[in-house]
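Inside the fold
Now for the letters of each chain:
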Amino acid sequence: MAFAVRVVVVRLSIFFALLSFNFLSGSQGIEEEVHSPYRYPFIKKASSFSSPSPSSSASSSQSSTSNGVDKTYDYIIIGGGTAGCPLAATLSLNFSVLLLERGGVPFRNYNVSYMQNFHLALADTSPTSASQAFVSTDGVFNARARVLGGGTCINAGFYTRASSSEVKQLGWDRELVEESYPWVEKQIVHWPKLAPWQQAARDGLIDIGMTPYNGYSYEHIQGTKVGGTIFDAKGHRSTAAELLATGNPKNLQVLIYATVQKIMFDKTGKQPKAVGVLFKDEKGKVHKAFLKKRASSEVLLSSGAMGSPQMMLLSGIGPKRDLKKFNIPVVHDNVHVGKGMSDNPMTGLFVPTKKPVEQSLIQTVGITKRGFYIEASSGYGEKPNSIHRHHGLMSAEIGQLSTIPPKQRSSQAIQSFISKKRDLPHEYFQGGFVLSKLSRPLSKGQLNLVNTNVDDNPSVTFNYFSHPRDTKACVNAVRTMQKIVKSKNFVKMANDDKLTLAMLRNMSVDASVNLIPRHANTSTSLAQFCKDTVITIWHYHGGCQVGKVVDSDYKVMGVHGLRVIDGSTFLFSPGTNPQATVMMMGRYMGVKILRARLGRAGAGV
């Protein structure tokens, strides 16, 4: 029995990393060979950009590039991600738009395009990866997107809307919201075929009283439901990049591998005004792109909850004292930039099975009013021989070193873990998780620059469970998960009723992939279990919040010509999973800006 438990622990340690963090591959640089063609003619490499001369940049004339797009623009969007792509597509219907994305394209990138390879993009730590890994100062592994389409290219695909009360709290026009969600859904969202693990999760949730069962629904309503997905029936991923197809190609220019260095301002007026951006291309050459000299022209920052506050700081908007540390000229002193950062902590319980189970990502969710949501994932999608590869810097080997003092976390220690894993047969990679996400954590942190290199991650602290209410909610969530994993549906699927809750918790403690030290009572105290095994569900937000950094129209306070439109403006993560709302937000704000300039009839949307 001891050997069997040890095998399950080892199995879980790898599987937990695979499905909860998905940092298990040595895949390197695959994008270099598969990103061409770019699918749309308006997408080009940044090196194709022809910088305007000083005279043309100061003019509002219709000077054009070789592809017919103005050298000066009505809108320059920094970040072609979850919000940036629908925003660009919408604004291009009536105005010239330059969209700058620091990564490549997702099309035909097999790390991104197929559900069975879900973990590969996150595991790839090469410079051309679709994701950029980072570790918060709390010791939790995380990732930010680096690809056209943003987080929709590297997430688990679950699609569900914000609640009506959240929409009201965000101050949005409900009629326009109800128009904007379907615009996204008609293009890239599907109903999933429910996998066996997801059926067990659904039935288990209902068995323990998480009712009513609401069937298939995009709506955020209490009870149990099946949501949408951006994976089609064959497991092929759709992304926000495909929303660009609805734009006007004559007005839209998209540059990939275009890394914005800073936003440029004219400081001769009463308030600084954004006039353009400085960016480098994939060859390292620096370019300048300028707005048209019109009061309505704007730079729109959509670089996400890591990238947007980082770009604000690098451009001189933030706490004056912090900017001076890096000799960044102060454009506007705002102490709130980078503050209010929050991540929704996730906790998981593993249910090992004696037979392989079909791979499934999030399809079913239990929505409670107790401060947490319940989801599930299962299976192993990649080819069997992948488990014998070197699994890279972000793999389970790193997390399993969390109990070793930092100075002893040597390459030899890492290799020791790798060697042990290489001998595992493929049969050990089977089972699934029941997961909980805290809905509105009260624990808050902050983001700070570590240098002035935009390619480097800033430092971010989330302060998980620093607020006692979050700990209480997590304890309740673990108790709920324990009821689910012992329900008849999961016991039947595992075909093993001998694994006790204590054993499952012990396996989760041993397997959790983070750098947080363990305590003697980690597996016996549910509160300590929550704190020591915390992982991310990648729904972090804040840093440029409404009322502190931007106003209700997402205009940056204290300057002209600059807005932030992405999850960095959120006070909370909307819905159970935010990607639907962030894509909707891009469309919503695009339409709102057009209508403000042209009227509803003139905008045509």
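Residues numbered from 1 in each chain as written. Predicted model: local features only at pLDDT ≥ 70, side-chain atom pairs only at ≥ 80, totals over all residues. Heavy atoms only, no water.

Take the overall build of the protein next. What the protein contains, in helices and strands, is 18 helices and 26 strands. Burial statistics for the protein: of 605 residues in total, 62% are counted as buried. Long-range pairs, those at least 24 residues apart, make up 74% of the contacts in the protein between residues at least 6 apart in sequence. Of the accessible surface of the protein, which amounts to about 22300 Å², a share of 52% is contributed by carbon and sulfur atoms. (Helix = DSSP H or I, 4+ residues; strand = E, 2+ residues; numbered from the N terminus. Buried < 20%, exposed > 50% of the residue type's maximum accessible area, 1.4 Å probe, protein only. Contact = heavy atoms within 4.5 Å. Areas by Shrake-Rupley, 256 points an atom, 1.4 Å probe, with all protein chains shown as cover.)

Let us look at the UniProt feature "domain: Glucose-methanol-choline oxidoreductase N-terminal" (unreviewed entry) in the protein. Residues annotated in UniProt with the feature "domain: Glucose-methanol-choline oxidoreductase N-terminal" (unreviewed entry) correspond here to residues 304–318. Each end of residues 304–318 is marked by a C-alpha atom, and these two atoms are 17 Å apart; helix forms 73% of the span and strand 13%. (UniProt positions renumbered as here; feature names shortened; annotations may be inferred.)

Turning to its location among the elements, Asp470 is positioned in helix H14 (residues 468–485). A polar contact is formed between the side chain of Asp470 and the backbone nitrogen of Leu442, at a distance of 2.9 Å. Residues within four places of Asp470 in sequence aside, it is in contact with Leu438, Arg440, Pro441, Leu442, Ser443 and Phe465. (Polar contact = N/O pair within 3.5 Å; in protein donor to acceptor, adjacent residues only side chain to side chain.)

Turning our eyes to something else, we now look at the UniProt feature "binding site: FAD" (unreviewed entry) in the protein. The positions that UniProt labels "binding site: FAD" (unreviewed entry) are, in the present scheme, Glu101, Arg102, Val147, Val260, Trp538, His539, Gly567, Pro578 and Gln579. Its location among the elements puts Glu101 in strand E4 (residues 97–101). Look at Glu101 and you get buried, because its relative accessible area is 5%. Beyond its immediate stretch of four places on either side in the chain, Glu101 contacts Gly79, Gly80, Gly81, Arg146, Val147, Leu148, Leu255, Ile256, Tyr257 and Ala258. One polar contact links the side chain of Glu101 to the main-chain amide nitrogen of Gly103, over a distance of 2.8 Å. Examined against the element boundaries, Arg102 turns out to sit in the loop between E4 and helix H5 (110–113). Setting aside residues up to four positions removed in sequence, Arg102 forms contacts with Gln132, Arg144, Ala145, Arg146, Tyr257, Ala258 and Thr259. A polar side-chain atom of Arg102 sits 2.7 Å from a polar atom in the side chain of Gln132.

One open sheet holds the 6 strands; their spatial order is E1-E11-E4-E3-E15-E26, and the pairing between them is parallel. The strands lining the two open edges of the sheet, one partner per strand, are strand E1 (43–45) and strand E26 (562–564). For this sheet, the mean angle separating the axes of adjacent strands, direction not counted, is 20°. Sheet topology note: the strand E3 (residues 75–78)/strand E15 (residues 298–301) ladder contains 4 bridges and is parallel. Looking at the pairing, Ile78 lines up with Leu301 of E15. (Pairing = 2+ DSSP bridges. Axes fitted to C-alpha atoms, helices over the stretch in contact; angles between N-to-C directions.)

Moving on, we come to the pairing of strand E13 (residues 273–280). As paired strands, strand E12 (residues 259–266) and E13 are joined by 7 bridges and run antiparallel to one another. When the bridges of E13 are listed, Asp266 appears paired with Lys273. Counting the residues between successive antiparallel strands, the hairpin from E12 to E13 contains 6 residues. Direction of pairing for E13 relative to strand E14 (residues 286–291): antiparallel, over a ladder of 5 bridges. Its bridge partner being in E14, Val277 is matched across the sheet by Ala289.

Now for the pairing of strand E5 (residues 131–135). Relative to strand E6 (residues 141–145), E5 runs antiparallel, the two being bridged by 5 bridges. Bridging across to E6, Val135 finds its partner in Phe141. Between E5 and E6, which follow one another and run antiparallel, lie 5 residues, and Gly139 among them has a positive phi close to 95°.

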